[in-house]
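# Tertiary structure, described
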Amino acid sequence: MKRIFFALMVGWALVAVAQRVTVTEQSRLLPVEGPAYYPVLSHDGEQLLFTSESTQGLNLYDFGTRAVTRVSDEPGAGYGAVFGGDGSIYYVSQERRENKLIYRTGHRYDQATGRSAVVLEAQHGPMQPVAATRGGAMKSRARNYSSAKAVGTAVYTQGSEVIIDIAGRERRFSPVESWAGYLWASLSPDGQRVAFFAAEQGIIIIDLNGNVLARLGNYEMPCWYDDNYLVAQNTTDDGRQFTSSQILLLKADGTYKHELTRPTSMTMQPTAGGGKIVYTTIDGNLTLMKINIQQ
C-alpha cells in the first residue's frame, strides 16, 4: 500500500512539473472607455462582447479594427449575450412594466446589416440566449426560438439540469446533486464535453451522455481555453462583498491548476477564444491576456 501511495504521489508531481504556464501578454483594452463587465469572446477571438455599465446595454469590440460598436442601449442586453455559430449576436433585454413585473425580449443582431430584430416577443419569466455550433437560440418557459431548423449542437442549463441539444434532439442530465442549480454550461471546442458550474459542487466536466469525467474544484464561470484547459474565476467573500478574486487556468481532467492572477488583483469574469483570455476587474478594467503552455 505504501508503495502504491508513493507511486501515485510521484505521478502527480511529474504532471505538475511537466507543465509550465507563462503569461506572454497582459494589457488593458484601452479602446474601451469607462467600466466594462461581462466580457464574451467569439470562438476565434476576433471579437468581444461587453457591457459598459452593469448590464445596461451591449457593446461589440473588434480586435482587428479596434472599433467599438453599440449593439443595444436596452437594459439587460449586456448580461448573458452570446455569439451564434452563424455570426449573429443573441441577447435578451428586459423592462419593468406598470404591474411591477419584469418582461424579457429576445433579440438577434445581424453584423452584416448592423440591425437587431426581435425573435421572441416580451414575456414574463426567465429567458436565455443559447449559442449553437451553427446558429443560435432563445429558451424560455413560454416558447423557444431557433435561428434555423438545424443549428448544430447547443448546451445550456435549467435549474439543476444540463440540456444537450444535438441536431434538435434534447437530452437532460442531472449528474451531480445541487439544490441551488447549475450555471454557465459550455461546449468544448472538440464538441465532445460540457463544462458547467453546480452550486455547492463547483466545476463539473461531463461527456455528451451525462457521465462525469472530472471535478475541477469550487470555482465559478468556467470557459474553455482549448480542448485541454479552461479558465475560471476563484472568489472569496465575507457575506456582503468580495474579499478576493482571481483568474485560474484549470486542466480539463482535473490534474492541474495554475494562478493566472493573484487573489488580491480582484480580477473576475474570464472568457477565452482564439488563444486569447479577457477578464475584467471589480472596477471594470477589461484586460487582454495571452499565455504559453509548455507540456
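On a predicted model such as this, the values are computed, not experimentally measured, just so you know.

Our next topic: the nonpolar core. By size, the foremost hydrophobic cluster in this structure holds 15 residues, and its most contacted members are Leu 249, Leu 260, Ile 277 and Ile 291. Looking at this core, the elements that each hand over two or more residues are strand 21 (229-237), strand 22 (242-251), strand 25 (276-281) and strand 26 (287-294). Among the elements that make up this core, the one with the highest residue count is strand 26 (three residues). Setting aside chain neighbours within four positions, we find Ile 291 in contact with Val 21, Thr 22, Val 23, Thr 24, Tyr 225, Leu 249, Leu 260 and Ile 277.

On to the pairing of strand 10 (residues 127-131). With five bridges joining them, strand 10 and strand 11 (residues 136-140) adopt antiparallel strand pairing. What sits directly across from Met 127, in strand 11, is Ser 140. The turn joining strand 10 and strand 11, which pair antiparallel and follow one another in sequence, is formed by four residues.

Further remarks concern the environment of Pro 31. With respect to the secondary-structure elements, Pro 31 resides in the loop between strand 1 (20-28) and strand 2 (37-41). Under the relative-accessibility criterion, Pro 31 is labelled partly exposed at 24%. Spatially, the C-alpha atoms of Pro 31 and Phe 63 are 9.8 Å apart, while their sequence positions differ by 32 residues. Not counting the four nearest positions on each side in its chain, Pro 31 is found in contact with Tyr 61, Arg 66 and Val 68.

Evaluation of the coordinates by the stated rule reveals four aromatic pairs. A ring pair is formed by Tyr 61 and Phe 63, whose centres lie 4.9 Å apart and whose planes are at 75°; its orientation type is edge-to-face. Here the two residues Tyr 61 and Phe 63 agree in accessibility, since each one is buried. Positioned over the ring face of Tyr 103 is Arg 97, at 4.2 Å from the centre of the ring. We note Lys 276 situated over the ring of Phe 63; from NZ or CZ to the ring centre the distance is 4.9 Å.

This next bit is on the confidence of the model for the protein chain. Looking at the protein chain, the pLDDT average stands at 92 and 93% of residues meet or exceed 70. Note on residues 1-17: pLDDT is under 50 here. Beyond four places in sequence and across chains, it has four contacts.

Attention now goes to the pairing of strand 26. For strand 1 and strand 26, the ladder comprises eight bridges, and the chain directions are antiparallel. From the neighbouring strand, Ser 27 faces strand 26, where its bridge partner is Leu 288. Where strand 25 folds back on strand 26, the antiparallel hairpin that results is connected by five residues, among which Gly 284 adopts a positive phi of roughly 85°.

Our next topic: the sheet that holds strand 22. In spatial order, the strands read 20-21-22-23; together these four strands make up an open sheet with antiparallel pairing. Strands at the two margins of the open sheet, each flanked by one partner only, are strand 20 (220-224) and strand 23 (257-259). For this sheet, the mean inter-axis angle between neighbouring strands, taken without regard to orientation, is 25°. With three bridges joining them, strand 20 and strand 21 adopt antiparallel strand pairing. Across the sheet, residue Trp 224 finds its bridge partner in strand 21, namely Leu 230.

Attention now moves to the pattern of salt bridges. Pairing is possible between side chains of opposite charge, provided their charged atoms come close. What the rule picks out here adds up to nine salt bridges. With its nearest N and O atoms 2.5 Å apart, the salt bridge here joins Asp 73 to Arg 70. The residue Arg 172 makes a salt bridge to Glu 170 at a minimum N-O spacing of 3.7 Å. When its relative accessible area of 40% is taken as the criterion, Arg 172 is described as partly exposed. Of the residues examined, Glu 170 reaches a relative accessible area of 33% and is grouped as partly exposed. Taken together, the salt bridges that share partners define one network made up of Lys 139, Glu 161, Glu 170 and Arg 172.

Conventions and cut-offs
- Residues numbered from 1 in each chain as written.
- Predicted model: local features only at pLDDT ≥ 70, side-chain atom pairs only at ≥ 80, totals over all residues.
- Heavy atoms only, no water.
- Core = buried A, V, L, I, M, F, W, Y, C linked by side-chain atoms within 4.5 Å.
- Buried < 20%, exposed > 50% of the residue type's maximum accessible area, 1.4 Å probe, protein only.
- Helix = DSSP H or I, 4+ residues; strand = E, 2+ residues; numbered from the N terminus.
- Contact = heavy atoms within 4.5 Å.
- Pairing = 2+ DSSP bridges.
- Phe/Tyr/Trp six-rings, centres within 6.5 Å; stacked < 30°, edge-to-face > 60°.
- Lys NZ or Arg CZ within 6 Å of the ring centre and 35° of its normal.
- pLDDT = per-residue confidence, 0-100.
- Axes fitted to C-alpha atoms, helices over the stretch in contact; angles between N-to-C directions.
- Salt bridge = Lys/Arg side-chain N within 4 Å of Asp/Glu carboxyl O.

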